[in-house]
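Report on the structure
Here's the letter readout for the chains.
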Amino acid sequence: MRNSKLLFLLCGLLFASATWAQTVVTGTVTDEQNLPLAGATVLVKGTSNGTSTDFDGNFSIEANVNSDILEVSYIGFSTLEVPINGQTSLNVQLTEDATQLEDVVVVGYGTQKKSDVTGSIASVKSEDFNQGVVANPGQLLQGKVSGVNITNVSGEPGASQNVIIRGVGSLRSGTAPLYVIDGFVISNNDIGMGSSPLNFINPQDIASMDVLKDASATAIYGARAANGVIMITTKKGQAGKSEINLSVSTAMSSIAKKLDLFTADEFRQQVVAAGGNLDDQGGNTDWQDELTRTGITKNVNISMSGGVSEKFSYFVSGGVQDQQGIFYNSDLKRYSGRVKLNQKAFDNRLNIDFNLTASKTINERPNIGATIVDMIQLNPTSSAYEANGNFAVLEGASGLILNPLQRNDIYLDEARSNRILANITPSIEIVKGLTYKANLGVDYSLTNRDVQNKPYSLGEGLFMGTLNTISTENSNFLIENTLNYKLDYGNHAITLLAGHSYQETQFERKDIFFQGGFANNGIEPRYQDQSSTEVTATTIASTAVIDELQSYFGRLNYAYADKYLFTGTLRADGSSRFGANNKYGYFPSVALGWNIYKEDFLEDSNVFNNLKLRASWGQTGNQNGIASKASYASYNDSRSDNDTYPLDGTENTLDDYPYGTIAVRTANPDLKWEVVTQTNIGLDFAFLDGSLSGTLDYFNKVTNDVILFATTPDPINPTEKYWTNFPDMKVKNKGYEVALDYRGNAGEDFTYNVGGNVSFIDNEVEGSIYSVITSGAAQGAGQSGATINGYINGEPIGAFYMKDFIGIDDEGNNIFRDVVEDGVSLDNDRFVPGTALPDLLYAFYLNFNYKNFDLGLNFNGVSGNKIFNHTAMSLYNKGQLVNNLNTTDFSVQYPNEIPTNSNDVSTRYLEDGSFLRLNNASLGYNLDPEVIGLRDLVNNIRFSLTGQNLFTITDYSGFDPEVNTGSEIDQIQTFGIDRFRYPSARTYLFGLNVSF
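Residues numbered from 1 in each chain as written. Predicted model: local features only at pLDDT ≥ 70, side-chain atom pairs only at ≥ 80, totals over all residues. Heavy atoms only, no water.

The name an unreviewed UniProt entry assigns to the protein chain is SusC/RagA family TonB-linked outer membrane protein, from the organism Euzebyella saccharophila. Word for word, the UniProt comment on the protein chain under Subcellular location (unreviewed entry) is "Cell outer membrane". Taken verbatim from the UniProt record of the protein chain, the Sequence similarities (unreviewed entry) comment is "Belongs to the TonB-dependent receptor family." (UniProt positions renumbered as here; feature names shortened; annotations may be inferred.)

Put into structure tokens, the structure is as follows:
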């Protein structure tokens, strides 16, 4: 009994002493210059008990002062273990770690120190992304990387971008780069949204984007890498640092530029002056104001991240973005969630990464073309509303006109997409230096799109309504296995990679069109029953394809003394898209690097902090834009023309005839890859203790074996066209890229960062057997099919090809320059007045920090390109005025021009596309929570004001010089045509970020 009491007393004393030892320890973390390090992690070793330093480097943590050890870490500095040894106040000084300070870039199937990279790679971190209302990753990069031309197709929320890396290398519509998200290769298949397929990614979840530009960097992805590769890395948790981040923002968007149309009073004068009979309806309506609005965007994001020691880390986020466009019925809503986990075991030999992204996107679109036409040409003397507030019934020369405000009420185009992207990548170190890694993933999306018109008694063709329902399903499965071996021996460093990849993509679409038969009962057609009849017929079109890609790849990286670098890559790809005789393609690359600044003769130099020479050569392939199974014959059923024949003699109408089978695509077993061969020479440098850094690159990129859907040379072939290679045709791109960055300070409180990039690109088409391959053609009554631009031997890509307008003759008709001097104006008088693609890209930025304030300005621009104003050709003419339709003063430039003068494709509508834009400006303030007494609850509070598209300097007369709304022909991509473009918005965003 006595022993029991003694034992109890001893345990009590031990517990009390342990309790008394748990004491609040405070301290400060600084660097070697005694400057405070904000955000440093302080962790009690062996536990999950941790905290972060505040703006002044101060921390406070509970610990056992007699036995605990604090682990203090900060990015770019060596981790320091500090025994408390009974102290309650500590001053901790961290030293820089050169190996951590060195930037790491993401490459195919791994990462590399920037000093070891031999290819041309540009890395953009999240803190350098464009700010504001951002729907997809392409907007984050605009103007940030030399040699990368990112053009917004329109101003619509979530609109796609043309992302062109080092020039257009293919004639077809496959110019988009390959996107890889956390190691998973994304398919560029249409997901049925009518907007960017990358809208499902929440930009707030992205940590960095690495752009792989030359063949040495991209060849590891072989057959899909000809257009470059963009590696997207999402955010992850940090061990010992648990954090909650909340960001909320509200933005207001309005039309950035209105067209200079005639006002009601000007219209009254111009109609009479043009010889028309004025239909003055007594109103004064600015239809641009009536059909646009101030769009409100709301964005809420919350994330939780952290980790338990070095064994486990997590990042979980959720976000909602509700973006209104500047047109009515123009909205993009995205609900997204993301989970990223990392687990280590067996002394870190086993490593498992798991990524899951789930999103729901709802995209509502107006009838853009009709809305733009109405904005421009509706009679400004008409009224939008009746006196009672109802939509006015509009009248025109040919009868009633559908009020566009009424159209907004009866028209709906809504797509709802659900998408899941998930992959798991376990890896295990088999023996020292040898690691096996698997990558298993799936990307699945299902989109349902409804395009409907409600029944409307006053609308021609809309009496019974219409409905078009489109269902699109995409599945993308990936299985990869790699072995990676690293060996460091003296001055030698070797890394070997070998792998196998299998990827299968499935695409299914059902397109059902209901031609009327809907009751006008207040219920939308998509929620009504409808039966197909001869009068209200239902048509169904379906398609389903499977593409497969099997690959074997390897890479060798060798470095001697960190000075002399070599990279060799080989990938073999087999694709179901190509012919039986060319099923596999082989894509090699080699690269050399020389870290000159590490040489003995520069060892004592105080000039260079970095000086590296790079050179590379390699080949990549391009299968984008080619129809699935393009090398195989394809057939269809038909009862048209001579495709059918009466078999039993009892047929009375064509509907009684049996279906005949016809060929729609001729087989080509010799169809093979387009191959892009690229040479690159580059120089990386840094001076003035790293304050001034930059890169210089020269590249020469040549596309061979160009693929076209071309006319069959054999007259007895069953189809008019087929997919084939043109071995003598080449597309050449060459140019220079320069990027500079300077960082400095003026005292302890003021720092600044200025820099920019510029790219010069020269491209040319050679060896085409055609005089012109049309890529852009006119549309509209009396215009359809006329060539606007195309691919012409000896000319740049997207060369405009048209007559040269020189004025109006005495009879009021066009005068075109007689190029061939034969006395008549014919098609052979067409010439090349310019190109749609710029030969100069540039961007520059200015960043300033003063105490807790920061200001960032980002500019970008292009030069050397032209824009064909198709909107002007269609609507800016004197005939509009005669018909009491509005236009601009372009139509009255020539007083003697007759209203019936033809609007031929010519240089009359060709304009300079150069511009300089203040793309992004952001002002921020970081509020110290201690000032308002919230230090124990909040780590950081940030307020921001961001402006987007604040001004544009340009001579272009349209809504925006950044445009491409032409239509492709035979999957040949067009550029530089402005046809009824959705206007760009000017946006102001107010944001609040809080971290706990």
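Structure shown, so let's carry the discussion forward.
Quick look at empty space enclosed by the protein
Counted under the stated rule, the structure contains twelve cavities of 30 Å³ or more. Approximately 560 Å³ is the volume found for the largest cavity. Surrounding the largest cavity, 35 residues form its lining, Val133, Gln139, Asn152, Gln948 and Ala985 being those nearest its centre. At the level of secondary structure, the elements contributing two or more residues to the lining of the largest cavity comprise strand 19 (312–324), strand 49 (915–927), strand 50 (940–954) and strand 52 (985–995). Residues belonging to the lining of the largest cavity are distributed by class as follows: eight nonpolar, 22 polar and five charged. For the lining of the second largest cavity, the secondary structure elements donating two or more residues are strand 11 (148–152), strand 12 (161–165), strand 45 (840–850), strand 46 (853–863) and strand 47 (866–869). Element by element, the count of residues in the lining of the second largest cavity is highest for strand 11, at four residues. (1 Å grid on protein atoms, 1.4 Å probe; cavity = no way out; pocket = protein on both sides within 12 Å on 5 of 7 lines; lining within 4 Å. Points joined across faces, edges and corners; volume = space filled by probe spheres on them. Helix = DSSP H or I, 4+ residues; strand = E, 2+ residues; numbered from the N terminus. Nonpolar A, V, L, I, M, F, W, Y, C, P; charged D, E, K, R; others polar.)

Some remarks on helix 7 (residues 368–377)
With eight of its ten residues buried, helix 7 lies for the most part within the structure. Among the residues making up helix 7, those that are buried are Ile368, Thr371, Ile372, Val373, Asp374, Met375, Ile376 and Gln377. Against helix 6 (287–290), helix 8 (404–410), helix 9 (870–875) and helix 10 (878–882) lie the buried residues of helix 7. (Buried < 20%, exposed > 50% of the residue type's maximum accessible area, 1.4 Å probe, protein only. Contact = heavy atoms within 4.5 Å.)

Here we look at unusual backbone geometry
One non-glycine residue, Asp705, adopts positive backbone phi at about 55 degrees. Inspection of the secondary structure assignment puts Asp705 in the loop between strand 35 (692–704) and strand 36 (706–711). A relative accessible area of 15% places Asp705 in the buried class. A positive phi is found at Lys851, a non-glycine position, where the angle reads about 50 degrees. Turning to its location among the elements, Lys851 is positioned in the loop between strand 45 and strand 46.

What about the sheet that holds strand 41 (residues 787–791)?
In space, the three strands of this open sheet follow the order 40-41-42, with antiparallel pairing throughout. Each end of this open sheet is capped by a strand with a single partner; those strands are strand 40 (773–777) and strand 42 (799–800). Here four bridges tie strand 40 to strand 41, and the two strands are oriented antiparallel to one another. Among the inter-strand pairings, Ala777 is bridged to a residue of strand 41, identified as Thr787. (Pairing = 2+ DSSP bridges.)

Remarks on a nonpolar patch on the surface
Together, Met252, Tyr850, Phe853, Leu855, Leu923, Leu945, Tyr988 and Phe990 make up a nonpolar patch on the protein surface, roughly 740 Å² of accessible area in all. Listed by contribution, the elements that provide at least two residues to the nonpolar patch are strand 46 and strand 52. Locating Leu945 in the fold gives a position in strand 50. (Patch = residues over 30% accessible without salt bridge, like charges linked within 9 Å, V, L, I, M, F, W, Y side chains within 5 Å. Areas by Shrake-Rupley, 256 points an atom, 1.4 Å probe, with all protein chains shown as cover. Salt bridge = Lys/Arg side-chain N within 4 Å of Asp/Glu carboxyl O.)

Quick look at the confidence of the model for the protein chain
Overall, the prediction assigns the protein chain a mean pLDDT of 88, with 95% of residues at 70 or greater. In this model residues 1–20 is a low-confidence stretch, pLDDT under 50, and it forms zero contacts with partners more than four residues away in sequence or in other chains. (pLDDT = per-residue confidence, 0-100.)

Quick look at the side chain of Arg942
Locating Arg942 in the fold gives a position in strand 50. Here Asp854 takes part through its side chain, which lies 2.6 Å from a polar atom of the side chain of Arg942. Contacts of Arg942, omitting those with residues within four sequence positions, involve Asp854, Gly924, Tyr925, Asn926, Gly991, Leu992 and Asn993. (Polar contact = N/O pair within 3.5 Å; in protein donor to acceptor, adjacent residues only side chain to side chain.)

With respect to the packing of aromatic side chains
Under the defined criterion, the tally for this structure stands at 25 aromatic pairs. Ring plane angle 80 degrees and centroid distance 5.8 Å describe the contact between Phe587 and Trp673, whose orientation is recorded as edge-to-face. Taken as a pair, Phe587 in strand 30 (residues 584–595) and Trp673 in the loop between strand 33 (660–665) and strand 34 (674–687) lie far apart in primary sequence, 86 residues in all. With relative accessibility at 4%, the residue Trp673 sits in the buried group. Between the aromatic rings of Phe890 and Tyr909, the centroid separation amounts to 5.8 Å while the plane-to-plane angle is 35 degrees, which identifies the pairing as tilted. Separated by 19 residues along the polypeptide, Phe890 in the loop between helix 10 and strand 48 (910–912) and Tyr909 in the loop between helix 10 and strand 48 bring together distant segments of the chain. Tyr909 shares its class with Phe890; the two are buried. Pairwise contacts between aromatic rings join Tyr742, Phe750, Tyr752 and Phe848 into one cluster. When the ring centre of Phe831 is taken as reference, the NZ or CZ atom of Arg817 above it lies at 4.9 Å. For the cation-ring pair, Arg917 lies above Phe915, with the distance from its terminal atom to the ring centre recorded as 5.0 Å. (Phe/Tyr/Trp six-rings, centres within 6.5 Å; stacked < 30°, edge-to-face > 60°. Lys NZ or Arg CZ within 6 Å of the ring centre and 35° of its normal.)

Brief notes about the side chain of Gln323
Mapped onto the secondary structure, Gln323 falls in strand 19. Excluding its chain neighbours within four sequence positions, the residues that come into contact with Gln323 are Val133, Ala135, Pro157, Ile296, Thr297, Ser330, Asp331 and Leu332.

Here we look at the pattern of salt bridges
Within this structure, the stated rule accounts for 36 salt bridges. The partner of Glu737 in a salt bridge is Arg166, with the nearest N and O atoms 2.8 Å apart. Placement of the pair is Glu737 in strand 38 (residues 730–745) and Arg166 in the loop between strand 12 and strand 13 (178–181), with a sequence separation of 571 residues. By the burial criterion, Glu737 is buried, and Arg166 matches it. A salt bridge links Arg614 to Asp684, with the nearest nitrogen and oxygen atoms 3.0 Å apart. Taken as a pair, Arg614 in strand 31 (residues 608–622) and Asp684 in strand 34 lie far apart in primary sequence, 70 residues in all. Arg614 gets classed as buried once you look at its relative accessible area, which sits at 3%. Beyond isolated ion pairs, a larger network of salt bridges with shared partners links Glu414, Arg416, Asp450, Glu524 and Arg526.

A word on the pairing of strand 1 (residues 22–30)
Sheet analysis places strand 1 next to strand 4 (residues 58–64), joined by seven bridges and oriented antiparallel. Bridging from a neighbouring strand, Thr26 pairs with Ser60 of strand 4. In this structure, strand 1 lies alongside strand 7 (residues 89–93), joined through five bridges in parallel fashion. The partner of Gly27 across the bridge, within strand 7, is Leu90.

Things to note about the environment of Arg577
Take Arg577: it is sitting in the loop between strand 29 (564–575) and strand 30. Placed 96 residues apart in sequence, Arg577 and Trp673 show a C-alpha to C-alpha distance of 9.4 Å.

Concerning the nonpolar core
Core analysis: the biggest nonpolar cluster contains 51 residues, and Leu171, Ile372, Ile788, Tyr791 and Phe868 have the highest contact counts within it. Looking at which element gives the most residues to this core, the answer is helix 7, with five residues. Setting aside chain neighbours within four positions, we find Leu171 in contact with Val706, Leu708, Met729, Val731, Ile773, Tyr791, Gln971, Ile972 and Gln973. One finds Ile150, Ile206, Ile232 and Leu478 within the second-largest nonpolar core, a separate group that totals 25 residues. (Core = buried A, V, L, I, M, F, W, Y, C linked by side-chain atoms within 4.5 Å.)

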